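# Structural features, examined
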Amino acid sequence: MIGIIGAMQSEITLLRAQMQNEKQTVLGNKVYYEGVIAGQAVVLTQSGMGKVNAAMCAQQLIDRFGVDKLINTGIAGGVALGLHVGDIVIADKTVEHDFDLSPVGYVKGCLGKDGEPKDEPTYYYTDKVLVEYLQKAAQQYMSAENIHIGCIASGDQFVSRKEVKQELRNCYNAYAAEMEGGAIVHVAGENGVSAVIVRCLSDLADENAHESVDNFEQLAADRSADILVSMLKLMSD
Ligand code: ADE
């Protein structure tokens, strides 16, 4: 079973419209939509923004619905140089960039897990097969130069300052910033479940980000969801 998480309504609208045989379950304050999209049995939920909401939903999907693959879709801010609004970023790994134990001797982004080095950020890795499916699906919509595979940095903050953007590039070689993916891949990793993230850039995580999100949120959210639907089709073939 595949679990799909989008943070905002704009990020799940297209997926719900594609879902057949929808059945709703309410757990806490979240609604889980079970059904079939492009031939695959899925459970879809709108987590709300941020890492705690995303982690809650990821764990519920695993525990209550027996999900063994988690997919996160939505919008993100572009961080790497040379990216454009509308580009796709697929995560090969994630980092929680706002996790900060630096006052006690760790580098930023290091989760301080027992037995792990203090001088390296903690990365959680996505599933290579799922990344390949997403890449193939994205290629049906856009040219290779607009599809990027790299680190996605997640934090409980909207990134719109160039100092923060630069830090994400320098410390983690991050391609995109968003607020949930890192939590989802973290929960997946801790539970032995595979995961992947696809994001379409709504902005470039800079001073124009607010206006850019206002203009491109739905377009970017739909592009990410379209690619996810195509991925599910490829998995069904
Ligand atoms: N989601 C979309 N754009 C973002 C940004 N710039 N920072 C964090 N999350 C985002």
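In what follows, the structure referred to is the one given above.
Residues numbered from 1 in each chain as written. Predicted model: local features only at pLDDT ≥ 70, side-chain atom pairs only at ≥ 80, totals over all residues. Heavy atoms only, no water.

Looking at the element boundaries, Thr 13 is found in helix α1 (residues 9-18). Residue classification places Thr 13 among the partly exposed residues on the basis of a relative accessible area of 41%. Each C-alpha atom of the pair Thr 13 and Gln 46 lies 9.6 Å from the other, and the pair is 33 residues apart in sequence. (Helix = DSSP H or I, 4+ residues; strand = E, 2+ residues; numbered from the N terminus. Buried < 20%, exposed > 50% of the residue type's maximum accessible area, 1.4 Å probe, protein only.)

Inspection of the entire model under this criterion finds one aromatic pair. Lying across the ring of Tyr 123, Lys 93 places its NZ or CZ 3.8 Å from the centre. (Phe/Tyr/Trp six-rings, centres within 6.5 Å; stacked < 30°, edge-to-face > 60°. Lys NZ or Arg CZ within 6 Å of the ring centre and 35° of its normal.)

With that out of the way, let us pick up the packing of α1 against helix α6 (residues 209-236). Running from amino to carboxyl end, α1 crosses α6 at an angle of 45 degrees, the nearest separation of the two axes being 7 Å. Relative to α6, α1 is oriented oblique. Every pair of crossing elements has a handedness; the one defined by α1 and α6 is right-handed. Together, Ser 10, Glu 11, Leu 14, Leu 15 and Gln 18 of α1 and Glu 217, Gln 218, Ala 221, Asp 222, Ala 225, Asp 226, Leu 228 and Val 229 of α6 make up the contact between the two elements. (Axes fitted to C-alpha atoms, helices over the stretch in contact; angles between N-to-C directions. Parallel < 35°, antiparallel > 145°, perpendicular 65-115°, else oblique. Left-handed = near helix turned anticlockwise from the far one by under 90°. Contact = heavy atoms within 4.5 Å.)

This paragraph deals with the site of the ligand. Around the ligand sit Ile 75, Ala 76, Gly 77, Gln 157, Phe 158, Val 159, Ala 177, Glu 178, Met 179, Ser 202, Asp 203 and Ala 205, and that is every residue in its neighbourhood. The separation between a nitrogen atom of the ligand and a polar main-chain atom of Val 159 is 2.9 Å. Asp 203 places a polar side-chain atom, nitrogen or oxygen, 2.6 Å from a nitrogen atom of the ligand. Judged by its atoms lying within 2 Å of the grid points, the ligand is housed in the largest pocket. (Near = heavy atom within 4 Å. Polar contact = N/O pair within 3.5 Å; in protein donor to acceptor, adjacent residues only side chain to side chain. 1 Å grid on protein atoms, 1.4 Å probe; cavity = no way out; pocket = protein on both sides within 12 Å on 5 of 7 lines; lining within 4 Å. Sits in = over half its atoms within 2 Å of the grid points.)

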